[in-house]
Structures are given as C-alpha cells and as structure tokens.
Amino acid sequence: TLPQLIKDANIITISIGSEELFSKLRSTDLKENSNKLYEFIDSMINDYETLIKEIKRLNKNKIFIIGYYNPLTLNEDNKGELTRLFNYIDIKFKKLSSTYKIDYISIQNEFKNKPYYLPNKSSSFPSLEGYNYIANEIIKKLES
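Cut-off values and rules
Residues numbered from 1 in each chain as written. Predicted model: local features only at pLDDT ≥ 70, side-chain atom pairs only at ≥ 80, totals over all residues. Heavy atoms only, no water. Salt bridge = Lys/Arg side-chain N within 4 Å of Asp/Glu carboxyl O. Helix = DSSP H or I, 4+ residues; strand = E, 2+ residues; numbered from the N terminus. Buried < 20%, exposed > 50% of the residue type's maximum accessible area, 1.4 Å probe, protein only. Pairing = 2+ DSSP bridges. Contact = heavy atoms within 4.5 Å.

Concerning the pattern of salt bridges
Two side chains carrying opposite charge are able to pair once their charged atoms lie near each other.
Right, so step 1: If you walk through the whole model with that rule in mind, you get seven salt bridges.
Right, so step 2: Where E54 meets R57, a salt bridge forms, and the shortest distance between an N and an O atom there is 2.5 Å. Of the two residues, E54 and R57 are both situated in helix α3 (residues 30–58); the distance of three residues between them amounts to about one turn of the helix.
Right, so step 3: Residue R57 is classed as exposed on the basis of its relative accessible area of 56%.
Right, so step 4: Here K62 makes a salt bridge to D103, at a shortest N to O gap of 2.8 Å. With a gap of 41 residues between them, K62 in strand β2 (residues 62–66) and D103 in strand β3 (residues 103–105) connect regions that are remote in the sequence.
Right, so step 5: Residue class for K62 comes out partly exposed when judged on its relative accessible area of 39%.

What follows is the structure, encoded as structure tokens:
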C-alpha cells in the first residue's frame, strides 16, 4: 500500500501539482485575476503541508521538495506578474521546508536561464537535460 511504501522509503522526493498550476496559469488572465492565482497557490501549499505532515508521520528519513519552473513564454504583458508569482511560490516552499526541516530544491532560476530545459512550449515537461539537472541537484543535496 502507499503508506507502507512511504514508511519503507529511504528518500522521498515531492514534485506535485505542476500541471494543475500550469493549467491555471494558462487559463487565467494574470492582470485581472492575479488574486485568484495567489489564493490557488496558497491552497496548493496547504495541500503540500498536509502531505508533508502525513509523510513525516510515516517516515523520518530525508524528504525533498522540488520547486516549480515557469513553462510559459514571458512577454512584456506577463513578465512582471509571472516573476512575482514564481518568487511567491519559491518563498512559500522555503518557509514550508524550514518549518518541517526538509530540503527544498529551487529550480526556477536555472530553468529560466536555460530554455533548452523546456524545449516544447506546448508542453510543460522538461527535456532530458532538464530532468538530469533536477536529478543532479538531488544528488548534490544527498552528498552534502
């Protein structure tokens, strides 16, 4: 069962909700409805917190949260708001990881600076290079 798998795990990585977030971003007018997006993010963070509490109840080993990256094209109309939004998410994850003494791996800046990590603008899934970057960041945390 899932609780038993969590209980037996040596390492747990969490990277969930990105498709819901990206879908919400694509379907929401950032200028008109940014408050709704922040409410949605707060709700996601609350769900993360519930999940982390349950995982920590079952398992005391290392937990990593993998941050979000922006898969949307930046332009003058959305650049500022998207940057603020992803910075807000980053701050929320950092606070969550500090509160529960888990590791947070922020990947937004690296993905922003390496467009080949997200080569297909119609998909929010990283390229092999993007996934390798994430894996290497986890390995670095494990080795430190």
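A few points about the pairing of β2
Right, so step 1: β2 sits mainly inside the fold: four of its five residues count as buried.
Right, so step 2: Where strand β1 (residues 11–14) and β2 come together, four bridges link them in parallel fashion. By the bridge assignment, I11 is partnered in β2 with K62.
Right, so step 3: The pairing of β2 with β3 spans three bridges and is classified as parallel. Paired with F64 across the two strands is D103, which belongs to β3.

Topic: the side chain of E81
Right, so step 1: Counting through the fold element by element, E81 comes out in helix α4 (residues 79–99).
Right, so step 2: When near neighbours in sequence (up to four residues on either side) are disregarded, E81 contacts L30, S34 and Y38.

Shape descriptors only; they carry no functional weight alone.
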